[in-house]
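Listed below, chain by chain, are the residues.
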Amino acid sequence: MKMKWIPEYNTGIDVIDDQHKRILDYINEIEGVNMHTDRARVKQILENIIDYTQSHFTFEESLQEEAGYKYRVPHKRVHDIFIKKIESYRDRFELGQSIESELHEVLSKWLINHIQHDDADYVGAVKENMMGIIKEKETKKGKNWFARFFS
């Protein structure tokens, strides 16, 4: 069954939500593919999921680091474990095993659980940091305007 994006999955950080939606699209692609007749397509989807998810994780981790998020090390560990798990599915697929329904179920559950629990936990720190950066830029702009006006 195809997954649908619902408002409860939103973190409130648009760039992260867009990346999560893309991962959801990849998960949905798995369901529509016949594993026996279109193995090349399955392999491509698996590679896309691994590559895209890794770059998404790197992006998330950089936001957490900038924000000084205190649980970034355990969060990264969760990411690393997930990548190893997906790579193991790819290995099993390459050995000719049928993984599609199990993979679809694992990815679906993992994505929602990760968004609503692990990711929800860091959102506050990251948003606060982003607001601080925006305010800092506005203050600098204000000072520049002020300096130009009175110089």
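Up top you'll find the structure we're talking about.
The following paragraphs examine the structure supplied in this document. Predicted, not measured: the structure shown is a model, and the values here were computed from it. (Residues numbered from 1 in each chain as written. Predicted model: local features only at pLDDT ≥ 70, side-chain atom pairs only at ≥ 80, totals over all residues. Heavy atoms only, no water.)

1. Overview of the overall build of the protein
In plain terms, the rule: Secondary structure is summarised from DSSP: a helix means a run of H or I of at least four residues, a strand means a run of E of at least two, and numbering begins at the N terminus for each. Contacts are residue-level and defined by heavy atoms, with any inter-residue pair within 4.5 Å sufficient. Exposure was quantified through the Shrake-Rupley algorithm and a 1.4 Å probe, taking into account, for residues, occlusion by the shown protein chains and nothing else.
Regarding its fold elements, the protein presents four helices and zero strands. Mapped in sequence order, the helices and strands of the protein form the string α-α-α-α. Long-range pairs, those at least 24 residues apart, make up 71% of the contacts in the protein with a sequence separation of at least 6. By element, 55% of the accessible surface of the protein is carried by carbon and sulfur atoms, the whole surface being about 9,400 Å².

2. Remarks on the nonpolar core
What counts here: Residues belong to a common nonpolar core when they are buried Ala, Val, Leu, Ile, Met, Phe, Trp, Tyr or Cys residues joined through side-chain atoms within 4.5 Å. When accessible area is computed with a 1.4 Å probe and restricted to protein chains, residues below 20% of their type maximum are described as buried, those above 50% as exposed, and intermediate ones as partly exposed.
Residues Ile49, Ile86, Leu103 and Leu107 are the most contacted members of the largest nonpolar core, which totals 26 residues. Breaking this core down by element, the ones donating at least two residues are helix H1 (14–31), helix H2 (39–67), helix H3 (72–94) and helix H4 (100–150). When residues no more than four places from it in sequence are discounted, the contact partners of Ile49 are Tyr26, Ile30, Ile86 and Leu107.

3. Quick look at the packing of aromatic side chains
The geometry of an aromatic ring pair is captured by the separation of the ring centres together with the interplanar angle, meaning the angle of the planes. Going by this rule: Only centres within 6.5 Å qualify two rings of Phe, Tyr or Trp (six-membered ring in Trp) as a pair; their planes then separate them into stacked at under 30 degrees, edge-to-face at over 60, and tilted for everything else. Any Lys NZ or Arg CZ found within 6 Å of a ring centre and within 35 degrees of that ring's normal is scored as a charge over the ring.
One pass over the full model with this rule turns up seven aromatic pairs. Arranged with centres 6.1 Å apart and planes meeting at 65 degrees, the rings of Tyr69 and Tyr122 form a pair that is edge-to-face. Here the residue Tyr69 occupies a position in the loop between H2 and H3, and Tyr122 occupies one in helix H4, the gap between them amounting to 53 residues. Classification of Tyr69 by relative accessible area gives buried; the value is 6%. When its relative accessible area of 0% is taken as the criterion, Tyr122 is described as buried. Both rings, one in Phe82 and one in Trp110, keep their centres 3.7 Å apart while their planes meet at 20 degrees; by these two values the pair is stacked. On the criterion of sequence distance, the pair formed by Phe82 in helix H3 and Trp110 in helix H4 is long-range, its members being 28 residues apart. Both residues of the pair, Phe82 and Trp110, belong to the buried class. By the ring-pair criterion, three or more aromatic residues cluster together here, those being Phe57, Phe82 and Trp110. Here the guanidinium or amino end of Arg22 rests over the ring plane of Tyr26, the centre of that ring lying 3.9 Å away. Positioned over the ring face of Phe93 is Arg39, at 3.9 Å from the centre of the ring.

4. What to know about the side chain of His104
Mapping His104 onto the fold places it in helix H4. Assessed through its relative accessible area of 11%, His104 is described here as buried.

5. Some points on the packing of H1 against H2
A pair of packed helices can be characterised by two numbers: the angle between their axes and the separation between those axes. The condition that has to hold: An axis is simply a line fitted to the C-alpha atoms; with a helix, the fit covers only the stretch in contact. Between two such axes, the angle follows the N-to-C directions and lies from 0 to 180 degrees. Working rule for angles: under 35 degrees goes down as roughly parallel, over 145 as roughly antiparallel, 65 to 115 as roughly perpendicular, anything else as oblique. When the near helix sits turned anticlockwise from the far one by under a right angle, the crossing is termed left-handed; a clockwise turn instead gives a right-handed crossing. Residues are sorted three ways: Asp, Glu, Lys and Arg are charged, Ala, Val, Leu, Ile, Met, Phe, Trp, Tyr, Cys and Pro are nonpolar, and all the rest, Gly among them, are polar.
Relative to each other, H1 and H2 sit at 160 degrees, their axes nearing to 10 Å. Taken together, the axes of H1 and H2 lie roughly antiparallel to each other. Viewed along their axes, H1 and H2 form a crossing whose handedness is left-handed. Residues Val15, Ile16, Gln19, His20, Arg22, Ile23, Tyr26, Glu29 and Ile30 of H1 touch H2, and the partners they reach there are Arg41, Ile45, Asn48, Ile49, Tyr52, Thr53, His56, Phe59, Glu60 and Leu63. By residue class, the composition of the contact of H1 with H2 is 10 nonpolar, five polar and four charged.

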